[in-house]
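# Reading the structure
Residues per chain, in single letters:
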Amino acid sequence: MGRSYSAARADGEVAIQDVTDITHPLPLGRAEPCADTLWSVLTPRGLLAGRTDGTLEAVAALREVSWPPRDPGPHGG
């Protein structure tokens, strides 16, 4: 079973959460505009996780920062 994510825009930023467990949503971070077409992707502690041009890539970057080695990929590694 896969994970579910939520992205909500407010005040020019996009807040991103893991909502797989709807009783306990997990804030992953936020994306804020930094150039014409780029977004700065920030962890909940405000650390830069990368820059991207889309929210899907922002979710992927924040997920990677949040669960590096503990959450194995679909092929077990």
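To be clear, the structure that these remarks concern was listed above.
Anyway, here's the lowdown on the structure attached to this text. (Residues numbered from 1 in each chain as written. Predicted model: local features only at pLDDT ≥ 70, side-chain atom pairs only at ≥ 80, totals over all residues. Heavy atoms only, no water.)

In this section: the overall build of the chain. A count of helices and strands for the chain gives one helix and five strands. Reading the chain from its N end, one meets helices and strands in the order β-β-β-β-β-α. When the 77 residues of the chain are sorted by exposure, 22% land in the buried category. The contacts in the chain between residues at least 6 apart in sequence include a share of 19% that link residues at least 24 apart. In the structure as shown, the chain presents an accessible area of about 5400 Å², 54% of it carried by carbon and sulfur atoms. (Helix = DSSP H or I, 4+ residues; strand = E, 2+ residues; numbered from the N terminus. Buried < 20%, exposed > 50% of the residue type's maximum accessible area, 1.4 Å probe, protein only. Contact = heavy atoms within 4.5 Å. Areas by Shrake-Rupley, 256 points an atom, 1.4 Å probe, with all protein chains shown as cover.)

On to the sheet that holds strand β4 (residues 39-42). Hydrogen bonds between backbone atoms are what pair the strands of a sheet, whose relative direction is either parallel or antiparallel. What the five strands build is an open sheet, ordered β1-β2-β3-β4-β5; its pairing is antiparallel. Among the strands making up the open sheet, the edge pair consists of β1 (5-10) and β5 (48-52). Here the strands of the sheet are splayed against their neighbours by 25° on average, with no regard to which way each runs. (Pairing = 2+ DSSP bridges. Axes fitted to C-alpha atoms, helices over the stretch in contact; angles between N-to-C directions.)

Among the secondary structure elements, Gly46 is positioned in the loop between β4 and β5. You can call Gly46 partly exposed: its relative accessible area is 39%. Distance in space between the C-alpha atoms of Gly46 and Arg30 is 8.6 Å, their sequence separation being 16 residues.

It is worth spelling out the side chain of Thr52 at this point. Mapped onto the secondary structure, Thr52 falls in strand β5. Reaching out from Thr52, the side chain makes a polar contact with the backbone nitrogen of Gly54 at a distance of 3.4 Å. With near-sequence residues (within four places) excluded, Thr52 lies in contact with Thr37, Leu38, Trp39, Val41, Glu57 and Ala58. (Polar contact = N/O pair within 3.5 Å; in protein donor to acceptor, adjacent residues only side chain to side chain.)

Let us now look at helix α1 (residues 55-66). Here α1 is twelve residues long and its end C-alpha atoms lie 16 Å apart, about the 16 Å a rise of 1.5 Å per residue gives. Its buried side turned inward, α1 meets β1, β2 (13-18), β3 (26-33), β4 and β5. (Expected span 1.5 Å × (residues − 1).)

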